[in-house]
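Working through the structure, step by step
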Amino acid sequence: MTSEQQTRRAAPTLMVFPFPVPGDHVRLAYRELHIAINGTEEEKKALGNHGLLPRPWEPATCLDPELRHDLWEWLEDVVIWLNREYTWDVSGLIPSCWPLHPHLVHEVAVLADQRRRAGLAMTSDALEEWHRYCLPAFTDRMRTRLRAHCDDEHKSWPAKPRHNEHLADASRQRRENTFAHDIDALPVNRRAREQQPAAPAGPPRLGLVDLDTGEIHDDDELGAQPRTRTEKGPRE
């Protein structure tokens, strides 16, 4: 039996699989965003503050637990789909530990959103852009950042010691001093310093102590005449 005959007799399988559909809560988030842009004034007002609407391409904005769960499930399906449909060489695979890499979480969320939008378009232009720019750029960045660290199993963060050094008190204080110096150098602050009254010239003013009474006399009180001292104390 030839390989062609074996292929014909094998169980039928799809040549390509459809892009994963997000869960109900993620779809609701996208619907609210659509209304915020294209809805009536009444519908837009009913959404409240549009700046607080969750955006699935920015997971940190998805604070509802059910929405967050749906988002992670969808992104996991997208990663599986990408690895099957678009990856031939092992170096291009998104690693199974992708949720342990914040940079991949951010990028996968955007990549999934861009692919979803391209699939909803009425022409193939957006999908061509995704094929030409989004996906290759993501793959290149992933290879650059991961290198071979997680080829076999997840490795701990190589940059963690350097990051901890960045957070150390001495390093933080050095940066805060630099920020303060920059603010002091602003033209408005320089002008304010130049307009401050100059300090009085001459040596510091000293008060005189009456040795009999212990009373302290300031120069303003005693006048500007020179004073001499005797055994009984100051006299004019």
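Residues numbered from 1 in each chain as written. Predicted model: local features only at pLDDT ≥ 70, side-chain atom pairs only at ≥ 80, totals over all residues. Heavy atoms only, no water.

Here we take up helix H6 (residues 125-146). With 22 residues, H6 extends 31 Å between its outermost C-alpha atoms, agreeing within 8% with the 32 Å of an ideal straight helix rising 1.5 Å per residue. Along H6, the helix axis deviates most sharply at His-131, where the bend reaches about 35 degrees. Among the residues making up H6, those that are buried are Trp-130, Leu-135, Phe-138, Thr-139, Met-142 and Leu-146. Contacts made by the buried residues of H6 are with helix H4 (65-86) and helix H5 (102-120). Downstream of H6 by a residue or two, Arg-147 has a phi angle that is positive, lying close to 55 degrees. (Helix = DSSP H or I, 4+ residues; strand = E, 2+ residues; numbered from the N terminus. Expected span 1.5 Å × (residues − 1). Bend = angle between axes of the 7 residues up to and from the residue. Buried < 20%, exposed > 50% of the residue type's maximum accessible area, 1.4 Å probe, protein only. Contact = heavy atoms within 4.5 Å.)

Right, let's talk about a nonpolar patch on the surface for a bit. Together, Ile-183, Leu-186 and Val-188 make up a nonpolar patch on the protein surface, roughly 260 Å² of accessible area in all. Along the polypeptide, Leu-186 turns up in the loop between helix H8 (169-184) and helix H9 (187-195). Of the residues examined, Leu-186 reaches a relative accessible area of 39% and is grouped as partly exposed. (Patch = residues over 30% accessible without salt bridge, like charges linked within 9 Å, V, L, I, M, F, W, Y side chains within 5 Å. Areas by Shrake-Rupley, 256 points an atom, 1.4 Å probe, with all protein chains shown as cover. Salt bridge = Lys/Arg side-chain N within 4 Å of Asp/Glu carboxyl O.)

Attention now moves to the confidence of the model for the chain. Mean pLDDT over the chain: 85, with 80% of residues reaching 70 or higher. This model gives residues 226-230 a pLDDT under 50, and the stretch forms 9 contacts once residues within four places in sequence are excluded. Across residues 232-236, confidence stays below pLDDT 50; counting only partners more than four residues off in sequence or on other chains, it has 9 contacts. (pLDDT = per-residue confidence, 0-100.)

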